[in-house]
Amino acid sequence: MKDRLTKWRLLSVFAVLTLVLSGCGEPFLSALTPAGEVAQIQYDLMILSTVIMIAVIIAVTVIFVIAITRFRRKKGEENKIPKQVEGSHLLEIIWTVIPIILLLILAVPTVTATFHLADVKEMDKKPNKDGVRDALVVNVRASLYWWEFEYPDYKVITSQDLVVPTDQKVYFNLIASDVKHSFWIPAAGGKLDTNTDNVNKFWLTFDSQKSEEAGNLFYGKCAELCGPSHALMDFKVETKSQDDFKQWLNAMQTAKEVTPTDTAAAEGQKIFEQSCLSCHAVSPQDARPEQARLAPNLATFGERARIAGVLEHNEEELKNWIRDPEKYKPGNKMTNTYKQLNEQELDQLAAYLMSLKVEDK
Amino acid sequence: MSTIAQKRGFASTVWDYLTTVDHKKIAILYLIAGGFFFLLGGIEAMLIRIQLAVPNNDFVSAGFFNELLTMHGTTMIFLAAMPLLLGFMNAIMPLQIGARDVAFPFINALGFWLFFFGGLFLNLSWFLGGAPDAGWTSYASLSLASEGHGIDFYALGLQISGFGTLMGGINFLVTIINMRAPGMTYMRMPLFTWTTFVASALILFAFPPLTVSIFMLMFDRLFGANFFNVAAGGNTIIWEHFFWIFGHPEVYILILPAFGIFSEIFSTFSRKRLFGYSSMVFATVLIGFLGFMVWAHHMFTVGLGPVANAIFAVATMAIAVPTGIKIFNWLLTMWGGSIQFTVPMIYAVAFIPSFVAGGVTGIMQGAAPADYQYHDTYFIVAHFHYVIVGGVVLALLAGTHFYWPKMFGTMLSEKIGKFTFFFFFVGFHLTFFIQHFLGLMGMPRRVWTFLPGQGLDTGNLVSSIGAAFMFVGIVSLLVNIVITSVKNEKVGNDPWGDGRTLEWAIASPPPFYNFKQLPLVRGLDPYWLEKMEGKQTLTPAEPIGDIHMPNGSFVPFVISLGLFIAAFGAMYQIDDKAWAIPVLIGGLVITFGAMAYRSIKDDHGFHIHKEDLIDENDDKGVKA
């Protein structure tokens, strides 16, 4: 009977906590609105630990409040000498053993989850004759202050907007090309550092229903201080159903270089080829080695959610960005690598960049 | 002695402090220098919170913001919290064990001046081309990529001040092992002395890894080495390990003495001996020991693999047990006591819920998979401010009020003290509580700004308002100090009335030779024992005799100054400045010359003669 009562209490604490926390933050960004298996495991662990900790806090608070109210020195007690108690073995055993039990309750799921989340055996399985593995693998490369996403089995590359299918595990290889960064999609799961030394591997999933609630667009962040524009090193995660994702991959694999139809964009292409092409590629099938890929791949630029990860996606902001990148992302590597452009050239370049798409949208 | 000091001119007082080897004066130096750096770090914090009050703010530039956050962290840990604690250790610990001074008074002075010049050097970076900007952790890939001399200031400044801290730690260890008064067994030592002892041991083992790694960083940046240069076969993860092998014990170097101060306050103002003294000692030692076993929990997301993560997760959780023991012992010390809510006691009482809140989030982070979410977000910022502000800074404020009369012979105003407490405490929770949620809602730490429309606006504004409250609190403390010093109403040996340990049996401030006769310690809380037997003074352990005292010395200042000068040479030689190498050599010549002078010249100190001691007003020492 008593057991059931405590269980019921515990459950209600769980429920209330979940309710309160789900009100926190935006569904596309918050770790409190888990949108995949990894985030869910982590969220459950958070709730479990929070509940245990609240129990501890309540115990401490009760003793604390009683102690400081009941034993205050009252008027007329100025000379009272309380009994000098040495200690109590029983009490000390109690408050040693109970925390140990509580910690064991927390430690077991912690260790289990640690191993579960680190399980990337699927990545190492043999690919089929086309070189494609069953597992979807994305190579993430972090640079000051942009992200490159390479789908090695499909030999396509995109930047800034990661595209993933829902309801399946997506495996990641993570590395940084200059200084250490950290790859974090809060709503989908915890972060993993992109080291300069070694490749880190992990997986995430994106629940289709939760993705829809978040508008099929999650926010990703750099979580490791990497320089002045660390705060602005955002990326986006676009979720697609598995079929749509296959179509997208297909479109990426077969995409031809865009040949602009209107004259402004055609002029823009010329400017691009003179000033930008040495760093930026415009084809998703960029076969150059990663050291040569100095700047984000722009093949899908017209379909992006943001410009430079943070600005509204329109021609005006694009022109602002090209005019003075330093103003929007201090310390970036693009500033002063190209000649000054006049307003007309900017218009043309912007028209060209906005025409870069692989899907018909 | 104090009256004599007042009659001296300003210049001779300054000279006195520049050459002093008296632990009480060095304590005051630590308090002044640490307090100054604390204010600097506070101003940096205020600028950070102003910048983050609203989204897309451009109050400070991105690069400058990184300098601010780096210097805020570095200053607060290395130049404020630790020196302030060293100040209290210096002021109180020798008195608590009934010692004349620390074991090596000269080294004590040297430790202070090294810290001071190191801190000064680090902060000069603001005026010499920009402060360090890679965070207080200064992770290697970023710190090697950082342009300008900021990181060089960090490496050289911390190196110099780190020597000072290491010397301080060794000095306290030797003092506690060798210089306890007759009868002061280990298990009769006050808890503040115990925590000083354990923290000093941690310093002894934790600072060498820091020294080594900073040397490597310095050689990478200034002398062409490649320890952390991945392209040349170096490894940046090594830096992270080194840093946290130092960095985690560092947390306990800060918090253990804070626990010690609170332990003294709880038992004093509850009029009760500390509940479970021996388990408190045991818990302190255990925390110190475990503190070295958990560093990789700062690196759960580095990719060390599930085995390492699981081991360090469980080890981290284990620390909660001894810490919990301490919390309950404090609660039970109050239980059944007669609690008087003086300002120090208010801080101590407020510390419990604040620190418990910080502690439990620590355990939550111990659950490694959940930490993948918390790591490097504002959740972490909230957590470590809860333990460091809610633990260490509250202890420093409590200790300031508690020990002020012992150090300066006059009481800080209780009224203003309560005002300070109110604003600081409310501001503290307002600032940091909401940051837990900001982190969970997707706000990374160390961000210069944040974009609107991400649900982060309100939380950040609340946090900034809280910071303003804390600022008001600290300003009122300064006002309190000024008013108190101007009024200068002298108090007696035991101004709180309930002092339990030896330091309350001696005059406030104590004479420069401390106890006229070393006291005989007959149990835990020796002064309280004597008082309970109706005596006002301690039982002496020796007849009045000559007291041997060390001479003051200007050499520690010169040794430190030499390193300070040499650091400029080391730093600017990479710019091919012709003067740099001569300056580097010149500085080292000054340092080693001063050391040679110290070695060659005989300095036997002086004796205070028995007759002079008997003449002196007797309530300053112990009666025969």
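The name recorded for chain B in an unreviewed UniProt entry is Cytochrome c oxidase subunit 1, from Bacillus aerolatus. Annotation of chain B in UniProt includes, under Catalytic activity (unreviewed entry), the sentence "4 Fe(II)-[cytochrome c] + O2 + 8 H(+)(in) = 4 Fe(III)-[cytochrome c] + 2 H2O + 4 H(+)(out)". Regarding chain B, the relevant UniProt record gives this comment under Pathway (unreviewed entry): "Energy metabolism; oxidative phosphorylation."

As named in an unreviewed UniProt entry, chain A is Cytochrome c oxidase subunit 2, taken from Bacillus aerolatus. Here chain A is described in UniProt, under the heading Catalytic activity (unreviewed entry), as follows: "4 Fe(II)-[cytochrome c] + O2 + 8 H(+)(in) = 4 Fe(III)-[cytochrome c] + 2 H2O + 4 H(+)(out)".

### Structural notes on helix H5 (residues 242–254) of chain A
All names here are of chain A. Given a rise of 1.5 Å per residue, 13 residues ought to cover 18 Å, and the 18 Å separating the end C-alpha atoms of H5 matches this to within 8%. Restricting attention to buried positions, one finds in H5 the residues Phe245, Trp248, Leu249, Ala251 and Met252. Across the axial projection of H5, the buried residues extend over an arc of 160°, all falling on one side. Of the exposed residues in H5, the ones pointing more than 90 degrees away from its buried face are Asp243, Lys246 and Gln247.

### Brief notes about a nonpolar patch on the surface
All names here are of chain B. Together, Ile43, Phe471, Val475, Val479 and Ile483 make up an exposed nonpolar region whose accessible area comes to about 380 Å². Per element, the largest residue contribution to the nonpolar patch is four residues, and it comes from helix H17 (residues 457–487). Tracing the backbone through its elements, the reader meets phenylalanine 471 in helix H17.

### Remarks on the interface of chain B and chain A
Contact residues are listed per partner, giving 91 residues for chain B and 84 residues for chain A. When the two sides are added together, the surface that chain B and chain A hide from each other amounts to roughly 7,200 Å², 69% of it contributed by carbon and sulfur. The tally of links from chain B across to chain A stands at two salt bridges. Taking the shortest distance from any N to any O, the salt bridge between lysine 180 of chain A and glutamate 240 of chain B comes out at 2.9 Å. If you look at where chain B meets chain A, you find 29 residue pairs in polar contact (both at pLDDT 80 or more). Per element, the largest residue contribution to the side of chain B that touches chain A is nine residues, and it comes from helix H12 (residues 320–334) of chain B.

### Considering the UniProt feature "domain: Cytochrome oxidase subunit I profile" (unreviewed entry) in chain B
Look at the UniProt record and you will see "domain: Cytochrome oxidase subunit I profile" (unreviewed entry) annotated at residues 9–522 of chain B. The distance separating the terminal C-alpha atoms of residues 9–522 of chain B is 43 Å; by composition the span is 70% helix and 0% strand.

### Focus on the domain arrangement of chain A
The assigned domain composition of chain A is domain 1 (2–74 + 83–117) and domain 2 (263–354). Distance from the C-alpha centre of domain 1 of chain A to the C-alpha centre of domain 2 of chain A: 50 Å.

### Remarks on the sheet that holds strand S7 (residues 189–194) of chain A
Residue and element names in this part refer to chain A. The strand order across the open sheet built from five strands is S4-S10-S9-S6-S7, with neighbouring strands paired in mixed fashion. Lying at the two open borders of the sheet, with one neighbouring strand each, are strand S4 (161–165) and S7. For this sheet, the mean inter-axis angle between neighbouring strands, taken without regard to orientation, is 25°. Relative to strand S10 (residues 235–240), S4 is paired through five bridges, and the arrangement is parallel. Bridge assignment links valine 163 to a residue of S10, and that residue is glutamate 238.

### Looking at empty space enclosed by the protein
Unfilled space is identified by rolling a water-sized probe across the atoms. All names here are of chain B. Evaluated as defined, the whole model comprises seven cavities of 30 Å³ or more. One number sums up the size of the largest cavity: a volume of about 110 Å³. As for the largest cavity, its lining consists of 13 residues, and the residues nearest its centre are Leu191, Glu264, Ser267, Leu274 and Asp525. For the lining of the largest cavity, a count of residues per class yields six nonpolar, four polar and three charged.

### Considerations on the UniProt feature "transmembrane region" (unreviewed entry) in chain A
Residue and element names in this part refer to chain A. The UniProt entry lists residues 45–69 and 90–118 under the feature "transmembrane region" (unreviewed entry), expressed in the numbering used here. Taken end to end, residues 45–69 is 100% helix and 0% strand, and its two terminal C-alpha atoms sit 36 Å from one another. For residues 90–118, helix accounts for 97% and strand for 0%, while the C-alpha atoms at its two ends are 42 Å apart.

### Details of the side chain of aspartate 234 of chain A
With respect to the element layout, aspartate 234 of chain A can be found in the loop between strand S9 (217–222) and S10. Taking the relative accessible area as the measure of exposure, aspartate 234 of chain A reaches 3% and is therefore buried. Separated by 3.3 Å, the side chains of aspartate 234 of chain A and lysine 221 of chain A make a polar contact. When sequence neighbours within four positions are dropped, the list of residues in contact with aspartate 234 of chain A reads Trp147, Gln160, Gly220, Lys221, Gly309 and Val310 of chain A together with Leu451 and Gln454 of chain B.

### So, the nonpolar core
The biggest cluster of nonpolar side chains holds 305 residues, and the ones touching the most others in it are Phe183 of chain A together with Met334 and Ile352 of chain B. If you look at the next biggest cluster of nonpolar residues, it comprises six residues, including Tyr513, Ile544, Met549 and Ile608 of chain B.

### So, the environment of phenylalanine 88 of chain B
All names here are of chain B. With respect to the helices, strands and loops of the structure, phenylalanine 88 is situated in helix H4 (residues 62–96). Among the residues examined, phenylalanine 88 registers a relative accessible area of 2% and is labelled buried. Sequence-wise, phenylalanine 88 and proline 257 are 169 residues apart; in three dimensions their C-alpha atoms are separated by 9.0 Å. Residues in contact with phenylalanine 88, not counting those within four places in the same chain, are Leu31, Met93, Phe192, Ile261, Leu396, Gly399, Thr400, Tyr403 and Met407.

### Some remarks on the sheet that holds strand S1 (residues 136–143) of chain A
Residue and element names in this part refer to chain A. If you trace the five strands from one edge of the open sheet to the other, you get S3-S2-S1-S5-S8, paired in mixed fashion. Of all strands in the sheet, those bounded by a partner on one side alone are strand S3 (156–159) and strand S8 (200–204). Mean inter-strand twist for the sheet, computed between neighbouring axes without regard to direction, equals 25°. Direction of pairing for S1 relative to strand S5 (residues 170–176): parallel, over a ladder of seven bridges.

### Examining the pairing of strand S6 (residues 181–185) of chain A
Two faces, one strand: in a regular strand the side chains alternate between the faces of the sheet. Residue and element names in this part refer to chain A. Most of S6 sits out of view: five of its five residues are buried. Residues His181, Phe183 and Ile185 point to one face of S6 and Ser182 and Trp184 to the other, with burial holding for every one of them. Taken together, the four bridges between S6 and S7 define a ladder with antiparallel strand orientation. Paired with histidine 181 across the strands is threonine 194, a residue of S7. Linking two consecutive strands that pair antiparallel, namely S6 and S7, is a turn of three residues. In this structure, S6 lies alongside S9, joined through two bridges in antiparallel fashion. Among the inter-strand pairings, tryptophan 184 is bridged to a residue of S9, identified as lysine 221.

### Here we look at the packing of aromatic side chains
Going through the model one piece at a time under the given rule, you end up with 80 aromatic pairs over all chains. The interplanar angle of 75° and the centroid separation of 5.3 Å between the aromatic rings of tryptophan 330 of chain B and phenylalanine 351 of chain B together place this pair among those described as edge-to-face. Here tryptophan 330 of chain B is found in helix H12, whereas its partner phenylalanine 351 of chain B is found in helix H13 (residues 343–366), with 21 residues between them in sequence. Phenylalanine 351 of chain B shares its class with tryptophan 330 of chain B; the two are buried. Seen from the ring of tyrosine 219 of chain A, lysine 236 of chain A lies directly overhead, with NZ or CZ sitting 4.3 Å from the centre. Over the ring of tryptophan 528 of chain B we find arginine 500 of chain B; its NZ or CZ atom is 4.3 Å from the centre of that ring.

### Some points on a positive patch on the surface
All names here are of chain A. A cluster of basic residues, Arg70, Arg72, Lys74 and Lys80, forms a positive patch on the protein surface. Summarising the element assignment, arginine 72 is placed in the loop between helix H2 (37–70) and helix H3 (89–117). Residue arginine 72 is classed as partly exposed on the basis of its relative accessible area, which comes to 43%.

### Things to note about the pattern of salt bridges
Residues and elements named next belong to chain A. Applying the stated criterion across every chain, the model contains 32 salt bridges over all chains. The residue lysine 221 makes a salt bridge to aspartate 234 at a minimum N-O spacing of 3.3 Å. Taken together, the residues lysine 221 in strand S9 and aspartate 234 in the loop between S9 and S10 connect sequence positions 13 residues apart. The class of lysine 221 is buried, set by a relative accessible area of 5%. Residues lysine 319 and glutamate 316 are paired through a salt bridge, measuring 3.7 Å at the closest nitrogen-oxygen approach. In this pair, lysine 319 and glutamate 316 are both assigned in helix H7 (residues 315–323), three residues apart and thus about one turn of the helix distant. Each member of the salt-bridge network shares a partner with another, and the members are Arg141, Glu148, Glu150 and Arg293.

About the cut-offs
Residues numbered from 1 in each chain as written. Chains lettered and ligands numbered in written order. Predicted model: local features only at pLDDT ≥ 70, side-chain atom pairs only at ≥ 80, totals over all residues. Heavy atoms only, no water. UniProt positions renumbered as here; feature names shortened; annotations may be inferred. Helix = DSSP H or I, 4+ residues; strand = E, 2+ residues; numbered from the N terminus. Expected span 1.5 Å × (residues − 1). Buried < 20%, exposed > 50% of the residue type's maximum accessible area, 1.4 Å probe, protein only. Arc of directions from axis to C-beta. Patch = residues over 30% accessible without salt bridge, like charges linked within 9 Å, V, L, I, M, F, W, Y side chains within 5 Å. Areas by Shrake-Rupley, 256 points an atom, 1.4 Å probe, with all protein chains shown as cover. Salt bridge = Lys/Arg side-chain N within 4 Å of Asp/Glu carboxyl O. Contact = heavy atoms within 4.5 Å. Buried area = accessible area lost by both parts, 1.4 Å probe. Polar contact = N/O pair within 3.5 Å; in protein donor to acceptor, adjacent residues only side chain to side chain. Domains from an automatic or database assignment. Pairing = 2+ DSSP bridges. Axes fitted to C-alpha atoms, helices over the stretch in contact; angles between N-to-C directions. 1 Å grid on protein atoms, 1.4 Å probe; cavity = no way out; pocket = protein on both sides within 12 Å on 5 of 7 lines; lining within 4 Å. Points joined across faces, edges and corners; volume = space filled by probe spheres on them. Nonpolar A, V, L, I, M, F, W, Y, C, P; charged D, E, K, R; others polar. Core = buried A, V, L, I, M, F, W, Y, C linked by side-chain atoms within 4.5 Å. Phe/Tyr/Trp six-rings, centres within 6.5 Å; stacked < 30°, edge-to-face > 60°. Lys NZ or Arg CZ within 6 Å of the ring centre and 35° of its normal. Lys, Arg positive; Asp, Glu negative; His and termini not counted. Charge placed at Lys NZ, Arg CZ, Asp CG, Glu CD.

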